[in-house]
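Structural characterization, general
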Amino acid sequence: VQLQASGGGLVQAGGSLRLSCAASGRTFSSYAMGWFRQAPGKEREFVASISWNGGTYYEGSVKGRFTISRDNVKNTVYLQMNSLKPEDTAVYYCAGDRWAGTDSRTWDYWGQGTLVTVSS
């Protein structure tokens, strides 16, 4: 599975962005997909995941603000980010694996990352 993330940019606090991650390969619909982020000087952290059948899970600080979704026809996973805060500033990575989890080390496939900058 190859992943291509897009949609990052500069936004003011309180604004919204939608990230997309396009996947190649015929097995996309059977994979869990996730979003992680890495801020400067910090470790990569889990943001959200969606299982092959649509079950979702969120990191606490984004719950209620971010929504992960997937379109198995378009082989794309999305991360809708609302009410953005400066602390959401990071490079966002999409990931794919047979099993969803919050540990980035367990995910097999990674996109190249897209930068989200939230100004105060």
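Residues numbered from 1 in each chain as written. Predicted model: local features only at pLDDT ≥ 70, side-chain atom pairs only at ≥ 80, totals over all residues. Heavy atoms only, no water.

**Details of unusual backbone geometry**
- For Asn 75, which is not glycine, the phi dihedral falls at a positive 55 degrees.
- Its location among the elements puts Asn 75 in the loop between β7 (66-71) and β8 (76-81).
- Its identity is not glycine, yet Ser 83 carries a phi of approximately 50 degrees, on the positive side.
- Given the relative accessible area of 40%, Ser 83 is considered partly exposed. (Helix = DSSP H or I, 4+ residues; strand = E, 2+ residues; numbered from the N terminus. Buried < 20%, exposed > 50% of the residue type's maximum accessible area, 1.4 Å probe, protein only.)

**A word on the nonpolar core**
- Counting 27 residues, the largest nonpolar core has Trp 35, Val 47, Phe 66, Ile 68, Leu 79, Met 81 and Tyr 92 as the members making the most contacts within it.
- Elements that contribute at least two residues to this core include exactly β1 (2-6), β3 (17-24), β4 (32-38), β5 (45-50), β7, β8, β9 (90-97) and β11 (114-119).
- If one sorts the elements of this core by residue count, β3 sits on top with four residues.
- If near-sequence neighbours (up to four positions away) are discounted, Phe 66 is found in contact with Arg 37, Val 47, Tyr 58, Leu 79, Gln 80, Met 81, Asn 82, Leu 84, Asp 88 and Tyr 92. (Core = buried A, V, L, I, M, F, W, Y, C linked by side-chain atoms within 4.5 Å. Contact = heavy atoms within 4.5 Å.)

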